[in-house]
Amino acid sequence: MMFAKNIKMKKYKVDESICAGCGVCISACPQEAIEINNDGKAVINPEKCLGCGACLNVCNFEAIKEVKNK
Ligand code: SF4
Ligand code: SF4
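Attention here is on the structure that accompanies the text. (Residues numbered from 1 in each chain as written. Chains lettered and ligands numbered in written order. Predicted model: local features only at pLDDT ≥ 70, side-chain atom pairs only at ≥ 80, totals over all residues.)

**Focus on the overall build of the protein**
1) Next: Regarding its fold elements, the protein presents two helices and four strands.
2) Next: Ordered by position in the sequence, the α and β elements of the protein form the string β-α-β-β-α-β.
3) Next: For the protein, the proportion of its 70 residues judged to be buried stands at 19%.
4) Next: Relative to all contacts within the protein whose residues are 6 or more apart in sequence, the contacts with residues 24 or more apart total 62%. (Helix = DSSP H or I, 4+ residues; strand = E, 2+ residues; numbered from the N terminus. Buried ≥ 20, exposed ≤ 12 C-beta atoms within 10 Å, placed from the backbone. Contact = placed C-beta atoms within 7 Å.)

If you want it as structure tokens, here you go:
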């Protein structure tokens, strides 16, 4: 069995069907990686996101999910 050496940072995405657009996650993000889109839903910019998980922990709606890599 092989073990991958790279420690991949976790990635997160917002489930738009759950997101209430409250903006709490935006305040929590140290990277300013989250914006509210035209639909009033939070969107994580994967280019800026560090995968720290801060947004996940503050969202009261559990709208932010870890993206599982296969
Ligand atoms: S904290 Fe959760 S519900 Fe609020 S804007 Fe962010 S993802 Fe949406
Ligand atoms: S995981 Fe961290 S860096 Fe990425 S969007 Fe959430 S708070 Fe911002």
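**Overview of the site of ligand 1**
1) Next: Lining the immediate environment of ligand 1, one finds 13 residues, of which C19, C22, C25, A42 and C59 sit closest.
2) Next: Classifying every residue of the shell around ligand 1 by side-chain character gives eleven nonpolar, two polar and no charged. (Near = placed C-beta within 6 Å. Nonpolar A, V, L, I, M, F, W, Y, C, P; charged D, E, K, R; others polar.)

**Some remarks on unusual backbone geometry**
With the exception of glycine, most residues fall at negative phi, and the peptide bonds are largely trans.
1) Next: In this model, E32 sits at a positive phi of 50°, which is unusual for a non-glycine residue.
2) Next: Checked against the element boundaries, E32 lands in the loop between α1 (24-28) and β2 (34-36).
3) Next: You will see that E62, though not glycine, has its phi angle at about 55°, which is positive.
4) Next: Within the element layout of this structure, E62 appears in the loop between α2 (54-58) and β4 (64-67).

**Brief notes about the site of ligand 2**
1) Next: Neighbouring ligand 2 are 14 residues; C29, C49, C52, A54 and C55 lie closest to it.
2) Next: Residues of the shell around ligand 2, tallied by class, amount to eleven nonpolar, three polar and no charged.

**Re the environment of N45**
1) Next: Structurally, N45 is set in the loop between β3 (42-44) and α2.
2) Next: A sequence separation of twelve residues divides N45 from A33, and the C-alpha atoms of the two residues are 5.1 Å apart.

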